[in-house]
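Architecture at a glance
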Amino acid sequence: MSNSSGGQQGPAARQAAMAERVLADGSATAAELAERFGVSLMTIHRDLDELERQGIVRKFRGGVTAQPSGVFESNVQYRLKTMRAEKAAVAEHALRMVEPGMAILLDDSTSTLEIARRLRTGEVTPLTVVTNFLEAINLLVDQRGIHLMALGGDYDPLHSSFLGVSCVEAVQQLRVDVCFASTSAVHGGYAYHQEQHIVSVKRAMLDAAARNVLLIDHTKLGRVALHRVVPLSRFDTVLVDDGASAEALRDLDEHKVRYEVCATKGGHDGAGAT
C-alpha cells in the first residue's frame, strides 16, 4: 500500500524512515520502497545512494540490505530514531524492576535511555542513577529525588557518551543494585557489539552490579557483531519485545537464557525459559 505522505516528507526525514524500515525487515526492493513512500523509483535510488554513502545500507541489483554492523549501530542520532515502540515496551517492563532506594546503572544505549525518560515522572524515588550517557544525564540532571552520578571519561560525540580507561576505572569503584544494558546483537548464547572500546565499558558495568538486565529489540536477535561482549548467562534477565520470532526465542531457550517478552501495543506479555 502506498504511503501518500512519503512524497511530502523532506529527503532527510524520508531517508531516516526508509533506513528504519530496511533495518527492521533486513532487506527491501527499490520498488517496494517506492510504493511504501509514495515517490518515484528515481527518488528512491537517490535516497538509497545517500544511505549507502552513510554506511547504513548496502545496495544490490534491485534493492538494498541493512548493513549488519554499519554506521547506524554507532550513531546515536540514528539509534534514537529506530524501533522506538519496541524500546518503549521493553523499558516499561524494565521499570518494574526498579524500586525506591536502589542504585541503578544505565549504559549508553538508546534502549536504557527510555528508562531514563520514564524516571522523569518522579514515581520511583529516591533513586541513585549512574550513567556515562550524556543524553540520559541531560534528561535527569534536574530531576528531584534522583541522585545522579555521571561517569567521566573521554567524550565520544558519535555515541554521546563518556568512554575509555578512566570511565572503566570509575565504574570499577562502584557497586549498584541493577545494571540495565543493551548490545548490538545476540546469537548463540552470546551478546555482541561491533566496537571494542564500548565492550570494555559494558563488561565493567556488568561486573559492578548485583543484578544485570539486557534490553534488546527483536531485530538484534539472531545477529552477530565483531566482538563478543559476554555470555547471556551473565544476565539475570533478557527483555525483548513481542516482535521476536519463534525461531529466535527457541535459540534463547536452547541456551537456557531467562527472558521475558514485553508487549508492544496490542501484544501480550510472556515469560521465557529459565
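Structure: see above.
Residues numbered from 1 in each chain as written. Predicted model: local features only at pLDDT ≥ 70, side-chain atom pairs only at ≥ 80, totals over all residues. Heavy atoms only, no water.

**Focus on the overall build of the protein**
The number of helices and strands found in the protein is 10 helices and 16 strands. Looking at the 274 residues of the protein, the share that counts as buried comes to 52%. Counted over contacts in the protein with a minimum sequence separation of 6, partners at least 24 positions apart contribute 64%. Accessible surface for the protein amounts to roughly 12500 Å². Of this, 50% is attributable to carbon and sulfur atoms. (Helix = DSSP H or I, 4+ residues; strand = E, 2+ residues; numbered from the N terminus. Buried < 20%, exposed > 50% of the residue type's maximum accessible area, 1.4 Å probe, protein only. Contact = heavy atoms within 4.5 Å. Areas by Shrake-Rupley, 256 points an atom, 1.4 Å probe, with all protein chains shown as cover.)

**So, empty space enclosed by the protein**
Under the counting rule described, the total for this entry stands at two cavities of 30 Å³ or more. The volume enclosed by the second largest cavity comes to roughly 30 Å³. Along its surface, the second largest cavity is lined by Asp107, Asp108, Asn132, Leu163, Ile198, Val201, Lys202 and Met205. Top contributing element to the lining of the second largest cavity by residue count: helix 9 (residues 196-207), with four residues. A per-class count over the lining of the second largest cavity returns four nonpolar, one polar and three charged. (1 Å grid on protein atoms, 1.4 Å probe; cavity = no way out; pocket = protein on both sides within 12 Å on 5 of 7 lines; lining within 4 Å. Points joined across faces, edges and corners; volume = space filled by probe spheres on them. Nonpolar A, V, L, I, M, F, W, Y, C, P; charged D, E, K, R; others polar.)

**Here's the deal with the pairing of strand 14 (residues 237-241)**
It is a general feature of regular strands that their side chains alternate between the two faces of the sheet. For strand 14, the buried fraction is high: five of the five residues fall into the buried class. Across the two faces of strand 14 the burial is the same, with Thr237, Leu239 and Asp241 and Val238 and Val240 all buried. For strand 12 (residues 209-216) and strand 14, the ladder comprises four bridges, and the chain directions are parallel. Counted as the bridge partner of Leu214 is Val238 from strand 14. Sheet topology note: the strand 14/strand 15 (residues 259-262) ladder contains four bridges and is parallel. From the neighbouring strand, Leu239 faces strand 15, where its bridge partner is Glu260. With respect to chirality, the unit in which strand 14 leads through helix 10 (residues 246-254) into the neighbouring parallel strand 15 is right-handed. (Pairing = 2+ DSSP bridges. Right-handed = clockwise from strand over helix to strand, strands pointing away.)

Distances and angles like these do not, on their own, reveal function.
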